[in-house]
Amino acid sequence: DGQPVTGTRLGLIEERFIHSEIYRARPDVGAVALIHTPELAAFSVSSVALPRGRGNLAVFDVRKLNNAESGMASGMVSSAPAGRALALALGKSDAMLVFGQGAVAVARTSRDLVTVALGLRTSAETRLFDLGLGGATTALAFTREKAIPEAGGANLGPSAAIQRVDRLGVYYNFL
């Protein structure tokens, strides 16, 4: 219910409001995590969208709530009304960015939650890699008169003049 089991400190994990309100709103959820990786925190405050599925990952910004809902103007989800607003914004999705903090992820089980969390982090890293390359991770074809040993050796294609370099393969090697 979002109340500490023991102790009287008011500063006990403020994330409890996120967890408890998501559990209330989503009976299908068995695990919740707030993910603070630098990549996800960067996208949470960026004007650059983080693609996910057929759209972009939504961003929840607690600063847009009035002070009565947010509990304070710090930009943190630190009250039950703010947690409830986040849970409503999340809807049926399994993840969303939380402005300035990273992302919140939910799943039916803790095992599924790890998969969602790693997927979010990998998506953010891939998007940063894309931006660094100036494009998107897609397969590119380079034409050469003959294969070079550094590229793997064999000529490909009907004309035997195409060397394929897969950006996803390059990214995998980078990781």
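Read on for a plain summary of the structure. All figures in this text were calculated on a predicted structure; none of them were measured in a lab.

About the thresholds
Positions within a chain are numbered from 1, following the residues in the order the chain's sequence is written. A pLDDT threshold of at least 70 governs which residues receive local features in this predicted model, and a stricter bar of 80 or more applies before side-chain atom pairs are shown or counted, although totals over entire chains, interfaces and linings include all residues. As a rule here, side-chain values cover all heavy atoms of the structure and leave hydrogens and water aside. Any Lys or Arg side-chain nitrogen found within 4 Å of a carboxyl oxygen on Asp or Glu counts as a salt bridge. Numbering of helices and strands starts at the N terminus; helices are DSSP runs of H or I of at least 4 residues and strands are runs of E of at least 2. The buried label goes to any residue with under 20% of its type's maximum accessible area, the exposed label to any with over 50%, and the partly exposed label to all in between, with areas taken from a 1.4 Å probe on protein chains only. The pairing criterion for strands is at least two bridges between them, as found by DSSP. Contact definition: two residues touch when any of their heavy atoms are within 4.5 Å. Structural elements are reduced to axes, namely lines fitted to C-alpha atoms, with helices fitted over the stretch in contact, and the angle between N-to-C directions of any two is expressed from 0 to 180 degrees. Our angle categories are set so that under 35 degrees counts as roughly parallel, over 145 as roughly antiparallel, 65 to 115 as roughly perpendicular, and the remainder as oblique. For a crossing to be left-handed, the near helix must be turned anticlockwise from the far one by less than a right angle; the clockwise case is right-handed. Here the term patch refers to residues with relative accessible area over 30% and no salt bridge, with like charges joined within 9 Å and nonpolar side chains (Val, Leu, Ile, Met, Phe, Trp, Tyr) within 5 Å. Residue burial considers only the protein chains on display, and all accessible areas are found by Shrake-Rupley using a 1.4 Å probe.

## What about the pattern of salt bridges?
Pairing between side chains of opposite charge can happen when their charged atoms approach one another.
Reasoning step 1: One pass over the structure, following the stated rule, counts 8 salt bridges.
Reasoning step 2: In this structure, the salt-bridge partner of Glu39 is Arg121, at a minimum N-O distance of 3.9 Å. Of the two residues, Glu39 sits in helix H2 (residues 38–45) while Arg121 sits in helix H5 (residues 110–133), which places them 82 residues apart along the sequence.
Reasoning step 3: Glu39 gets classed as buried once you look at its relative accessible area, which sits at 16%.
Reasoning step 4: One salt bridge in this structure joins Glu125 and Arg121, with 3.3 Å as the shortest N-O distance. Residue Glu125 and its partner Arg121 are both found in helix H5; the two are separated by 4 residues, about one turn of the helix.
Reasoning step 5: For Arg121, a relative accessible area of 37% translates into the label partly exposed.
Reasoning step 6: Each of Glu21, Arg24 and Arg84 takes part in a single network of salt bridges with overlapping partners.

## Some points on the pairing of strand S6 (residues 102–107)
Reasoning step 1: Most of S6 is tucked away: 6 of the 6 residues are buried.
Reasoning step 2: As judged from the 5 bridges shared by strand S1 (residues 31–35) and S6, these two strands associate in the antiparallel manner. Each residue of the ladder has a partner; that of Val32, found in S6, is Val106.
Reasoning step 3: Relative to S6, strand S5 (residues 95–98) runs antiparallel, the two sharing 4 bridges. Each bridged residue has a counterpart across the sheet, and for Val98 the counterpart in S6 is Gly102.
Reasoning step 4: In this structure, the hairpin formed by S5 and S6 is closed by a connection of 3 residues, where Gly100 is found at a positive phi of approximately 75 degrees.

## Observations regarding the sheet that holds strand S4 (residues 59–60)
Reasoning step 1: Strand order in the open sheet made by the 4 strands is S1-S6-S5-S4, with mixed pairing throughout. Bordering the open sheet on either side are S1 and S4, each of which pairs with just one other strand.
Reasoning step 2: In the packing of helix H1 (residues 16–25) onto the sheet, contacts are made with S1 and S6, and the angle to S1 comes to roughly 145 degrees.
Reasoning step 3: Relative to the sheet, helix H4 (residues 80–90) contacts S4, S5 and S6, its axis offset from that of S5 by approximately 135 degrees.

## Here we look at the packing of H2 against H5
Reasoning step 1: Packing of H2 against H5 leaves a shortest axis separation of 9 Å and a crossing angle of 70 degrees. Comparing the axis directions of H2 and H5 gives the class roughly perpendicular. Pair H2 / H5 crosses with left-handed handedness. Here Glu39, Leu40 and Phe43 of H2 come into contact with H5, specifically with Leu120, Arg121, Ala124, Glu125, Arg127 and Leu128.

## Focus: H1
Reasoning step 1: Those residues of H1 that fall on the buried side of the exposure criterion are Arg16, Phe17, Ile18, Ser20, Glu21 and Ile22.
Reasoning step 2: Where H1 is buried, its residues touch S1, H4 and S6.

## As for a nonpolar patch on the surface
Reasoning step 1: Among the surface-exposed residues, Val48, Leu128 and Leu131 lie close enough to one another that they form a single nonpolar patch of about 210 Å² accessible area.
Reasoning step 2: Residue position: Leu128 is located in helix H5.

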